[in-house]
Amino acid sequence: MASNDIQIEYFKNPEEPTTGTKPKVYKDGQYNDPLYKKLSKINGEINKLTKVELQGKLKEHGLDSRGLKEVLKKRLKNHYRRRNLRKSKMKTSGKTLYDYLAVIDFEATCDENNPSYRHEIIEFPIVLVDVDKMEIVSKFHEYVKPIVNPKLTKFCTKLTGITQDKVDKADTFPVVLERVETWLQDHQLGAEKSFAVLTDGPWDMFRFMYYQCKESDIEMPAWSKKWVNIRKSYCNFYHCGRGGIEVMLKNLGMKFEGSPHSGIDDSINISRIAIKMLNDGCGLNVNEHIQIKYHPHETGTVSARYEPYKEECVNDSEEEEEDQKKKKSEKTQDKWENESHDTFVNEIEKLTLNDVEKGDDDEDFDDLLTYYKLQKT
Ligand code: AMP
Ligand code: MG
């Protein structure tokens with residue numbers, strides 16, 4: 001037996017008195033309960049394990065052993081963490097704050113190499129994930145008739161698989177949105193049940209939904225103004241490089257099911273990633289929102305930006321706190337941290353694929369061009 005294993009076995013059964021209370025959290029984010037010190041030691045031991053050792057340990061505990069080394073580490077750490085916290089009757093932090101996650105991946109009209117294309121939503125899917133059950137419990141799926149460019153380009157049909165007859169038969173966006181609202185009500189979402197929108201990147205709500213509401217001359221629904229950007233949560237949680245749905249799945253040792261760029265299939269696959277992350281102990285909470293500013297004195301001028309967002313009662317877990325501190329010291333020029341409040345992070349009214357500046361740091365560069373590119377990686 002490797003020395004690492006001995007350490008872990010020791011910590012698997014700590015003879016610790018149970019406190020039953022929340023750990024004391026100091027201003028600098030340090031958790032002072034002895035159990036947290038122990039968990040921190042376990043994490044240190046897990047960090048030393050090789051991929052094969054990690055797989056062995058996971059199998060031993062009947063856990064999924066597929067995925068990148070970073071994913072396996074996180075999964076094993078979470079296993080010990082959950083067990084120990086449960087034993088001590090402590091509430092785990094980093095929890096998802098909602099009953100449901102509404103996973104949305106729009107498809108829109110488009111053309112090849114046309115960055116200034118006026119995208120209109122043509123497929124509106126919602127996959128509802130029950131956070132406690134960690135499973136898909138319902139789906140909404142409709143096609144939408146575009147008005148500005150009613151004829152789909154060959155490129156668009158090839159990319160999305162959406163044919164002309166599907167959108168011809170469909171209702172316009174305001175009508176479909178009405179049915180979405182009814183569906184949400186039927187599921188008591190936003191009433192008895194809390195929910196948050198979850199998307200792959202900021203673009204579904206920030207670009208497609210925002211522009212579509214503007215085009216259709218309707219208010220953007222409140223629930224669509226903030227969302228969980230799963231790419232961001234994924235990178236922060238597993239410490240993997242940023243990538244599209246297929247990359248995230250591959251890193252988890254999973255495969256895309258269905259057709260890429262089909263809105264409903266994309267949404268189902270994003271849901272599979274979200275479920276795996278919930279299983280691995282990740283709290284999926286809103287991390288971005290849109291801010292819309294009306295300028296009454298400059299006739300008809302509206303500007304919008306999206307920004308990082310943090311739910312008020314989200315406590316980072318002690319490990320995430322540690323990671324955050326490490327990140328901060330490693331990366332003093334962190335874009336999200338350093339953004340001043342009156343700086344527009346992304347002014348989409350001015351943003352086209354031609355005029356986006358190329359950033360040095362790809363990880364933090366969330367433009368639509370990168371987004372498209374990442375779909376292919
Ligand atoms: P996705 O969720 O990746 O399927 O993309 C959502 C929408 O973005 C598509 O329905 C298209 O309107 C647009 N899109 C995605 N990839 C491209 C691309 N390579 N070129 C132009 N538009 C794209
Ligand atoms: Mg899609």
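Relevant structure appears above.
Bear in mind that the values here come from a model prediction, so they are computed numbers and not experimental data. (Residues numbered from 1 in each chain as written. Chains lettered and ligands numbered in written order. Predicted model: local features only at pLDDT ≥ 70, side-chain atom pairs only at ≥ 80, totals over all residues. Heavy atoms only, no water.)

A.B. asks: Which parts of the structure should I look at to understand the overall build of the protein chain?
C.D. replies: Summing up its helical and strand segments, the protein chain has 14 helices and 9 strands in all. Across the 377 residues that make up the protein chain, the buried fraction comes to 51%. Contacts in the protein chain between residues far apart in sequence, at least 24 positions, make up 68% of those at least 6 positions apart. (Helix = DSSP H or I, 4+ residues; strand = E, 2+ residues; numbered from the N terminus. Buried < 20%, exposed > 50% of the residue type's maximum accessible area, 1.4 Å probe, protein only. Contact = heavy atoms within 4.5 Å.)

A.B. asks: For this particular structure, what's the right way to read unusual backbone geometry?
C.D. replies: Residues other than glycine predominantly adopt negative phi, and peptide bonds predominantly adopt the trans conformation. Its identity is not glycine, yet Gln188 carries a phi of approximately 60°, on the positive side. With a phi angle near 60°, His239 is a residue other than glycine that sits in the positive phi range. In this fold, His239 is placed in the loop between helix H9 (230–238) and helix H10 (245–251). Assessed through its relative accessible area of 35%, His239 is described here as partly exposed.

A.B. asks: How do you make sense of the environment of Gln212 when you look at a structure like this?
C.D. replies: Among the secondary structure elements, Gln212 is positioned in helix H8 (residues 203–215). For the pair Gln212 and His119, spaced 93 residues apart in sequence, the C-alpha separation works out to 7.8 Å. Dropping the residues within four chain positions of it, Gln212 is found in contact with Glu120, Ile121 and Phe173.

A.B. asks: Teacher, can you tell me more about helix H7 (residues 173–186) here?
C.D. replies: An α-helical segment advances 3.6 residues per turn. Residues three or four places apart therefore align on the same side. Between its first and last C-alpha, H7 extends 20 Å over 14 residues, near the 20 Å set by a 1.5 Å rise per residue. Those residues of H7 not exposed but buried are Phe173, Val176, Leu177, Val180, Trp183 and Leu184. Seen from one end, H7 has its buried residues packed into an arc of 110°, which puts them on one side. Facing away from the buried surface of H7 by more than 90 degrees, the exposed residues are Glu178, Gln185 and Asp186. Looking at the packing, one finds that the buried side of H7 touches strand S3 (121–130), strand S4 (135–145), strand S5 (171–172), strand S6 (195–199) and H8. Phi turns positive, to about 60°, at Gln188, one or two residues after H7. (Expected span 1.5 Å × (residues − 1). Arc of directions from axis to C-beta.)

A.B. asks: Explanation requested: the packing of helix H3 (residues 51–60) against helix H4 (residues 69–87) in the structure shown.
C.D. replies: Between two packed helices, what matters for the description is the angle formed by their axes and the separation of those axes. It is the contact of H3 with H4, at a shortest axis distance of 10 Å, that shows an interaxial angle of 40°. Relative to H4, the element H3 is oriented oblique. In this structure, H3 crosses over H4, and the sense of that crossing is left-handed. For the pair H3 and H4, contact is made by Lys51, Leu54, Gln55, Lys57 and Leu58 and by Lys69, Leu72, Lys73, Arg75, Leu76 and Tyr80, respectively. Along the lines of polarity and charge, the residues of the contact of H3 with H4 split into 5 nonpolar, 1 polar and 5 charged. (Axes fitted to C-alpha atoms, helices over the stretch in contact; angles between N-to-C directions. Parallel < 35°, antiparallel > 145°, perpendicular 65-115°, else oblique. Left-handed = near helix turned anticlockwise from the far one by under 90°. Nonpolar A, V, L, I, M, F, W, Y, C, P; charged D, E, K, R; others polar.)

A.B. asks: In this structure, what is going on with the packing of aromatic side chains? I would like to understand it.
C.D. replies: The description of an aromatic ring pair uses the distance of the two centres, along with the angle that the planes make with each other. For the structure on display, the rule yields 10 aromatic pairs. Note on Phe106 and Phe124: the rings are 4.8 Å apart at their centroids and 85° apart in plane angle, and the pair reads as edge-to-face. Placement of Phe106 in the loop between strand S1 (100–104) and strand S2 (107–108) and of Phe124 in strand S3 is noted, with a sequence separation of 18 residues between them. Aromatic pair Tyr234 and Tyr238: ring centres 5.0 Å apart, planes at 65°, arrangement edge-to-face. With Tyr234 and Tyr238 both in helix H9, this residue pair falls 4 residues apart, about one helical turn. Tyr234 sits in the buried class, given a relative accessible area of 1%. The exposure class of Tyr238 is buried, given its relative accessible area of 0%. By the ring-pair criterion, three or more aromatic residues cluster together here, those being Phe106, Phe124, Phe140, Phe173 and Trp183. (Phe/Tyr/Trp six-rings, centres within 6.5 Å; stacked < 30°, edge-to-face > 60°.)

A.B. asks: Quick question: what am I supposed to make of the coordination of the magnesium ion (ligand 2) here?
C.D. replies: By definition of the ideal shapes, four donors in a tetrahedron about a metal sit 109.5 degrees apart, and six donors in an octahedron sit 90 or 180 degrees apart. For the magnesium ion (ligand 2), every protein donor is listed as Asp105 (OD), Glu107 (OE) and Asp266 (OD), and the spread of their distances is 1.9 to 2.0 Å. Donor residues for the magnesium ion (ligand 2), ordered by position in the chain, follow D-x1-E-x158-D. Of the two residues, Glu107 sits in strand S2 while Asp266 sits in helix H11 (residues 263–279), which places them 159 residues apart along the sequence. The class of Asp266 is buried, set by a relative accessible area of 4%. (Donors = N, O, S within 2.8 Å, 3.2 Å for Na, K, Ca; no water.)

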